[in-house]
Amino acid sequence: MTVITRHSEFYLEDGSITLQIENVLYKLHMSLLCKFSVVFKDMFSMPASSSQPHHEGMSNESPIILGLPFTVKKMDYLLSWFMCRSSPLEGLVSILELGTFLQIDVARTFAIQALSNTSLNLSPAWQLSLALRFRISNWIGSAYKELVATPAHRLSLEDVSLLGLAIMHIIHSTLSEIRHLRLVLTYNPLKMEKHDASCKRPALSCQASSEAAWWDGFACHYLHPDHPCTPLEALAKFESTNIVGVTTACRLQAVEFIRDHGVFDREYGILEEGLKLLIMKCF
């Protein structure tokens with residue numbers, strides 16, 4: 001037989017409403033719950049019915065029973081936050097979860113701001129998991145793009161567990177598609193479509209020198225196994241590389257041609273397509 005006990009701290013003798021979570025009773029002030037929570041306000045303003053008379057929650061024998069997502073630990077973190085106590089990471093997630101569920105905007109906002117603190121060093125998988133579960137829209141894009149930029153061998157079992165197979169499939173598919181595109185672009189060096197008029201070297205000579213430098217000045221950054229550059233970052237490195245046999249004017253003209261013709265736009269398009277698919281599946 002389950003023994004129901006009073007909470008050692010949050011069973012207030014002068015409280016006006018009794019709640020039961022798991023096997024623990026809470027006695028709290030209804031007015032405060034209604035002031036901060038839209039859900040509690042609506043719950044307590046509902047008219048009485050034969051199945052749920054108004055005396056529910058008025059005594060230990062007839063408490064309002066709260067099931068999932070409520071647990072004693074989560075509720076304790078939320079109530080402790082109301083008392084201005086600090087919380088560990090687990091507590092902040094609990095405050096975010098119950099604050100979202102109960103529509104306590106101040107608790108939700110606090111938790112999001114606290115979890116955004118860089119000192120917590122939340123992994124991209126954690127950020128994306130929380131963003132999707134609790135609809136934190138301004139976290140989704142950055143966390144997703146950081147995960148896509150992370151080499152597959154660096155994703156841990158915890159990352160997979162947090163995100164689930166469906167989301168990991170989207171991330172892996174996006175990563176594979178971008179990797180294939182990068183290989184195609186890397187093995188097709190830029191063409192010197194225009195030869196600068198000030199250059200005294202033959203156009204074919206500039207082209208040959210440029211192709212020889214493509215691997216050292218661009219591809220090594222674009223295909224780096226651990227820290228690959230974005231297209232624009234890699235192109236900027238190539239732009240600043242002094243290529244033997246190619247004048248500065250010709251090199252800059254070639255880079256300008258690539259930018260103007262959106263050679264790398266497809267990669268950003270793949271990223272956006274994956275992000276849209278992720279949002280569609282989760283919302």
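Residues numbered from 1 in each chain as written. Predicted model: local features only at pLDDT ≥ 70, side-chain atom pairs only at ≥ 80, totals over all residues. Heavy atoms only, no water.

J.: Before we go on, may I ask you to explain the nonpolar core in this structure?
T.: A general trend in soluble globular proteins is that nonpolar side chains are found buried together. Among the nonpolar cores identified, the biggest contains 68 residues, and L19, Y26, L28, M75, L78, L128 and I171 are the most heavily contacted of them. With 8 residues, the single largest contributor to this core is helix α8 (residues 157-186). Residue contacts for Y26: discarding those within four places in its chain leaves H7, F10, Y11, I17, T18, L19, I21, V72, M75, D76 and L79. (Core = buried A, V, L, I, M, F, W, Y, C linked by side-chain atoms within 4.5 Å. Buried < 20%, exposed > 50% of the residue type's maximum accessible area, 1.4 Å probe, protein only. Helix = DSSP H or I, 4+ residues; strand = E, 2+ residues; numbered from the N terminus. Contact = heavy atoms within 4.5 Å.)

J.: I keep staring at helix α7 (residues 137-148) and nothing clicks. Help me out?
T.: Three or four residues apart is the spacing at which side chains of an α-helix point the same way, because the helix has 3.6 residues per turn. Spanning 12 residues, α7 covers 18 Å between terminal C-alpha atoms, matching the ideal 16 Å at 1.5 Å per step. Listed as buried for α7 are W139, I140, A143, Y144, L147 and V148. All buried residues of α7 fall inside an arc of 145° around its axis, so they share one side. In this structure, the buried side of α7 is in contact with α5 (105-115), α6 (124-134), α8 and α12 (265-282). (Expected span 1.5 Å × (residues − 1). Arc of directions from axis to C-beta.)

J.: Any chance you could explain helix α3 (residues 72-82) here in plain terms?
T.: Counting buried residues along α3, 8 of its 11 residues qualify, which places the element largely inside the surrounding structure. Buried within α3 we find V72, K74, M75, Y77, L78, L79, S80 and W81. Looking at the packing, one finds that the buried side of α3 touches β1 (5-11), β2 (17-21), β3 (24-28), α4 (89-101) and α5. Looking one or two residues past α3, C84 carries a phi angle of roughly 65°, positive in sign.

J.: I'm lost on the packing of α4 against α6 in this one. Help?
T.: Two elements in contact, α4 and α6, have axes whose closest approach is 11 Å; the angle formed by their N-to-C orientations is 15°. In terms of axis orientation, α4 runs roughly parallel to α6. Read as a crossing pair, α4 and α6 show a hand that is right-handed. Note on element contacts: α6 touches α4 through W126, L130, R133 and F134, opposite V93, L96, E97 and T100. (Axes fitted to C-alpha atoms, helices over the stretch in contact; angles between N-to-C directions. Parallel < 35°, antiparallel > 145°, perpendicular 65-115°, else oblique. Left-handed = near helix turned anticlockwise from the far one by under 90°.)

J.: I keep staring at the sheet that holds strand β4 (residues 64-66) and nothing clicks. Help me out?
T.: Picture the strands of a sheet paired through backbone hydrogen bonds; they go either parallel or antiparallel. The strand order across the open sheet built from 4 strands is β1-β3-β2-β4, with neighbouring strands paired in mixed fashion. Taken across any chain shown, the strands that pair with only one partner, and hence form the sheet edges, are β1 and β4. Strand-to-strand twist of the sheet, defined as the mean angle between neighbouring strand axes without regard to direction, takes the value 35°. Contacts from α3 reach β1, β2 and β3 within the one sheet, and its direction differs from that of β3 by about 25°. (Pairing = 2+ DSSP bridges.)

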